[in-house]
Amino acid sequence: MHNFTPYSALLGGLFIGLSALLLFVLIGRIAGITGIVAGMRLSLEPEARWRMYFVGGLLGGCWLAVQLGMPLPSAPQGSTLKVVMAGFLVGAGTVISNGCTSGHGVCGISRLSKRSIIATLVFMLSAMLTVWLVGS
Amino acid sequence: MKDLSALLAGLLFGLGLTVAQMTNPQKVLDFLDITRQWDASLALVMGSALVVAAIGYALRFKMRKPFYATGFNLPRRLKVDRSLILGSILFGVGWGMVGLCPGPAVASLVYATQPLLYFIIAMLIGMFVSKRLQSK
């Protein structure tokens, strides 16, 4: 297997799972990045504020991991047109289907939501097919 | 407390994504590339996240309400509909094109590169446009 990193993957997943657990038992929310980001507004109401804090933490967590010695995030590769098209499709698709890898893939499946299980199967297949056609 | 809870959950999420190297789009593409050099790491990230998150969602049957909110906020939609499938297909295509989904894209913003900024701006436009179309 190619560049397989089981330990960091399991540990990283543990942190992500713990994040979802805490967000739910503490404030009753689903840790779906699409839902949190797409619901952001410029306002100081509690409903808008917790989203900003979460996103701030998301950036801070990445920063912290790099300070602790994890590799820097890498930039997406390919032409600007390809990157922009991909970004648009990711944004539009996740809002239309109400979730992404976190909301459907992690949170939805772990609470056995039929919609999320199907969404995850569909976007995984669609992404694998795209990589097969376009190449990685 | 609500804001602090969200900040903590965000931190853990960003830390987890970076530790698991999901902020490296090539690693994600290598997972999606099942026919060539497969890297199964992403499956382990999801697996361990799922197990921990499942505990959180199961706790709702033991708790009357979250610690710092009046109730648990779960998606109300239960039916598998056309938009779930269509959105998931579109998301998968975008994800497979460059290997970025919303979580890692936003978390990586703290070490932003020009292509990443293009991706995020396009993603936010995609989210905004489809939200607009949905509310019509």
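Residues numbered from 1 in each chain as written. Chains lettered and ligands numbered in written order. Predicted model: local features only at pLDDT ≥ 70, side-chain atom pairs only at ≥ 80, totals over all residues. Heavy atoms only, no water.

## Looking at the overall build of chain A
In terms of regular secondary structure, chain A is built from six helices and zero strands. Traced from its N-terminal end to its C-terminal end, chain A shows the element sequence α-α-α-α-α-α. C-alpha extents for chain A along the principal axes are approximately 45 × 35 × 35 Å. Residues classed as buried in chain A amount to 57% of the 136 residues present. Looking at chain A alone, contacts between residues at least 24 apart form 29% of all its contacts between residues at least 6 apart. By element, 71% of the accessible surface of chain A is carried by carbon and sulfur atoms, the whole surface being about 5,700 Å². (Helix = DSSP H or I, 4+ residues; strand = E, 2+ residues; numbered from the N terminus. Buried < 20%, exposed > 50% of the residue type's maximum accessible area, 1.4 Å probe, protein only. Contact = heavy atoms within 4.5 Å. Areas by Shrake-Rupley, 256 points an atom, 1.4 Å probe, with all protein chains shown as cover.)

## Things to note about the nonpolar core
A general tendency of soluble globular proteins is for nonpolar side chains to be buried together. Grouped together as the largest cluster of nonpolar side chains are 68 residues, with contacts concentrated most on Leu23 and Phe54 of chain A together with Phe13, Leu32, Leu42, Trp95 and Phe119 of chain B. For this core, the element with the most residues is helix H1 (residues 6-27) of chain A, which contributes 10 residues. When neighbours within four sequence positions are excluded, Leu32 of chain B is seen to be in contact with Met124, Ala127, Met128 and Val131 of chain A together with Trp95 and Gly96 of chain B. (Core = buried A, V, L, I, M, F, W, Y, C linked by side-chain atoms within 4.5 Å.)

## Some thoughts on the packing of helix H2 (residues 25-32) of chain B against helix H4 (residues 82-98) of chain B
Residue and element names in this part refer to chain B. Contact geometry of H2 with H4 gives a least axis separation of 8 Å together with a crossing angle of 115°. Contacts between H2 and H4 involve Pro25, Val28, Leu29 and Leu32 from the first element and Trp95, Gly96 and Val98 from the second. Grouping the constituent residues of the contact of H2 with H4 by class yields six nonpolar, one polar and no charged. (Axes fitted to C-alpha atoms, helices over the stretch in contact; angles between N-to-C directions. Nonpolar A, V, L, I, M, F, W, Y, C, P; charged D, E, K, R; others polar.)

## Quick word on H2 of chain B
Across the eight residues that make up H2 of chain B, a large majority, seven, are buried. Of the positions making up H2 of chain B, those classed as buried are Pro25, Lys27, Val28, Leu29, Asp30, Phe31 and Leu32 of chain B. Those residues of H2 of chain B that are buried are in contact with helix H6 (114-134) of chain A together with helix H3 (41-58) and H4 of chain B.

## A short note on the environment of His2 of chain A
Mapped onto the elements, His2 of chain A comes out in the segment before H1. In this structure, His2 of chain A is in contact with Asp30, Gln37, Trp38 and Asp39 of chain B, ignoring residues within four places of it in sequence.

## Some thoughts on the packing of helix H4 (residues 80-96) of chain A against H4 of chain B
Look at H4 of chain A against H4 of chain B: their axes get within 7 Å of each other, and the N-to-C directions meet at 155°. With respect to H4 of chain B, the element H4 of chain A is oriented roughly antiparallel. Between H4 of chain A and H4 of chain B the crossing geometry is left-handed. The segment H4 of chain A lies against H4 of chain B, with Lys82, Val83, Met85, Ala86, Leu89, Val90, Gly93, Thr94 and Ile96 of chain A engaging Ser83, Gly87, Ser88, Leu90, Phe91, Val93, Gly94, Trp95, Met97 and Val98 of chain B. Taken together, the residues of the contact of H4 of chain A with H4 of chain B sort by class into 12 nonpolar, six polar and one charged. (Parallel < 35°, antiparallel > 145°, perpendicular 65-115°, else oblique. Left-handed = near helix turned anticlockwise from the far one by under 90°.)

## Considering the pattern of salt bridges
Pairs may arise between side chains of opposite charge once their charged atoms sit close together. One pass over the full model with this rule turns up six salt bridges over all chains. Measuring nitrogen to oxygen at the nearest pair gives 3.4 Å for the salt bridge that ties Asp81 of chain B to Arg115 of chain A. Linking Asp81 of chain B in the loop between H3 and H4 with Arg115 of chain A in helix H6, this pair reaches from one chain into another. Among the residues examined, Asp81 of chain B registers a relative accessible area of 25% and is labelled partly exposed. Arg115 of chain A gets classed as buried once you look at its relative accessible area, which sits at 6%. Linked through salt bridges whose partners overlap, the residues forming this network are Arg29, Glu47 and Arg51 of chain A. (Salt bridge = Lys/Arg side-chain N within 4 Å of Asp/Glu carboxyl O.)

## Points about unusual backbone geometry
Residues and elements named next belong to chain A. One non-glycine residue, Asn98, lies in positive phi territory at about 60°. Counting through the fold element by element, Asn98 comes out in the loop between H4 and helix H5 (101-110). Given a relative accessible area of 39%, Asn98 falls into the partly exposed group.

## Quick look at the UniProt feature "transmembrane region" (unreviewed entry) in chain B
Residues and elements named next belong to chain B. According to UniProt, the "transmembrane region" (unreviewed entry) feature falls on residues 40-59, 80-100 and 106-129. When the span residues 40-59 is considered, its composition is 90% helix and 0% strand, and the gap between its end C-alpha atoms is 30 Å. The span residues 80-100 carries 81% helix and 0% strand; its end-to-end C-alpha distance comes to 25 Å. (UniProt positions renumbered as here; feature names shortened; annotations may be inferred.)

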